[in-house]
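The lines below spell out each chain.
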Amino acid sequence: MKTIDTIDVVLASQSPRRKDLLRQAGFNFTVCPAEGEEIITSNIPSEVVEELSLQKALEVADRSHPSGGKKTLYIGADTVVAIDHRILGKPADREEARAMITELQGRTHQVFTGVTLVLRDDGSPQKQNVRTFHECTDVHVFPMSEEEIDEYISTDEPYDKAGAYGIQGDFGIFIEKINGDYNNVVGLPIARLYHEVQKLLRLT
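From a predicted model like this one, the values you see are computed outputs, not experimental measurements.

Rules and cut-offs
Residues numbered from 1 in each chain as written. Predicted model: local features only at pLDDT ≥ 70, side-chain atom pairs only at ≥ 80, totals over all residues. Heavy atoms only, no water. Helix = DSSP H or I, 4+ residues; strand = E, 2+ residues; numbered from the N terminus. Expected span 1.5 Å × (residues − 1). Buried < 20%, exposed > 50% of the residue type's maximum accessible area, 1.4 Å probe, protein only. Core = buried A, V, L, I, M, F, W, Y, C linked by side-chain atoms within 4.5 Å. Phe/Tyr/Trp six-rings, centres within 6.5 Å; stacked < 30°, edge-to-face > 60°. Pairing = 2+ DSSP bridges. Axes fitted to C-alpha atoms, helices over the stretch in contact; angles between N-to-C directions. Parallel < 35°, antiparallel > 145°, perpendicular 65-115°, else oblique. Left-handed = near helix turned anticlockwise from the far one by under 90°. Contact = heavy atoms within 4.5 Å. Nonpolar A, V, L, I, M, F, W, Y, C, P; charged D, E, K, R; others polar.

A. Quick peek at helix α2 (residues 45–63). Under the 1.5 Å per step criterion, the end-to-end length of α2 is 28 Å for 19 residues, consistent within 8% with the ideal 27 Å. Every buried residue of α2 is accounted for by Pro45, Ser46, Val48, Val49, Glu51, Leu52, Ser53, Lys56, Ala57, Val60 and Ala61.

B. View of the nonpolar core. One finds Tyr165 and Leu193 to be the most contacted residues of the largest nonpolar core, which totals 43 residues. If you look at the next biggest cluster of nonpolar residues, it comprises eight residues, including Ala12, Ala57, Ala61 and Val118.

C. Examining the packing of aromatic side chains more closely. Counted according to the given criterion, the structure contains three aromatic pairs. Here the aromatic rings of Phe171 and Phe174 are separated by 5.6 Å at their centres, their planes lie at 55 degrees, and the arrangement is tilted. A residue is classified by how much of its surface remains accessible, and Phe174, at 10% relative accessible area, is buried. Joined through ring pairs, the aromatic side chains of Tyr152, Tyr165, Phe171 and Phe174 make up one cluster.

D. Just the pairing of strand β3 (residues 71–83), in detail. With twelve of 13 residues buried, β3 lies mostly within the body of the structure. Sheet topology places β3 next to strand β5 (residues 108–121); twelve bridges connect them, and they run antiparallel. Pairing of Leu73 across the sheet is with Leu119, part of β5. Sheet analysis places β3 next to strand β4 (residues 86–88), joined by three bridges and oriented antiparallel. Each residue of the ladder has a partner; that of Val81, found in β4, is Leu88. Count of turn residues in the β3/β4 antiparallel hairpin: two residues, of which Asp84 carries a positive phi of about 55 degrees.

E. Representation of the packing of helix α3 (residues 94–104) against helix α4 (residues 146–153) within the structure. Contact geometry of α3 with α4 gives a least axis separation of 10 Å together with a crossing angle of 135 degrees. As the angle between them shows, α3 and α4 are arranged oblique. Like other packed secondary-structure pairs, α3 and α4 cross with a definite hand, here right-handed. Residues Arg94, Ala97, Arg98, Ile101 and Thr102 of α3 form the contact with α4, whose own contacting residues are Ile149, Asp150, Tyr152 and Ile153. For the contact of α3 with α4, the residue count by class is five nonpolar, one polar and three charged.

The following block contains the structure:
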């Protein structure tokens, strides 16, 4: 992490899960949540998360004012849950959460996280490198009874999460297996991110 310690890192997200993953990976960073309007021009999950992560990273970079002297790395991320190539957002209410969990139970779905890294020198968009990528993880959910669904949606957990569940929370007992990066489902493919940062730094 010595190379990363020579730059300032800004996370364009207020997500507690993303903050925890960055800390666990040894990143020192500040948080500046993206505030711009999200504009989506695609309905393909992988393209949507890349597009939104890019918007978030650039929006925060454009309104930040680095202290000077160091390069600044801005990290934008966006995660969606998709089934049958259709994106499931955050449930608005109990019935929407029930419908989502009912659709996911007993089946396999995908979680996509898009990440954009914007590395700027002296805060200038004329001196920047941008790298955008995404990870996809297959998530297999055990069949659930109506009683189990009712018990789960009676908790607070489903209502601030895409697809109405958190793999790291109470819903974990219903995850049969995953194919891919677990942390990607939590909200940030931290291993891929680390290696992409190293590649980016070697270019500068």
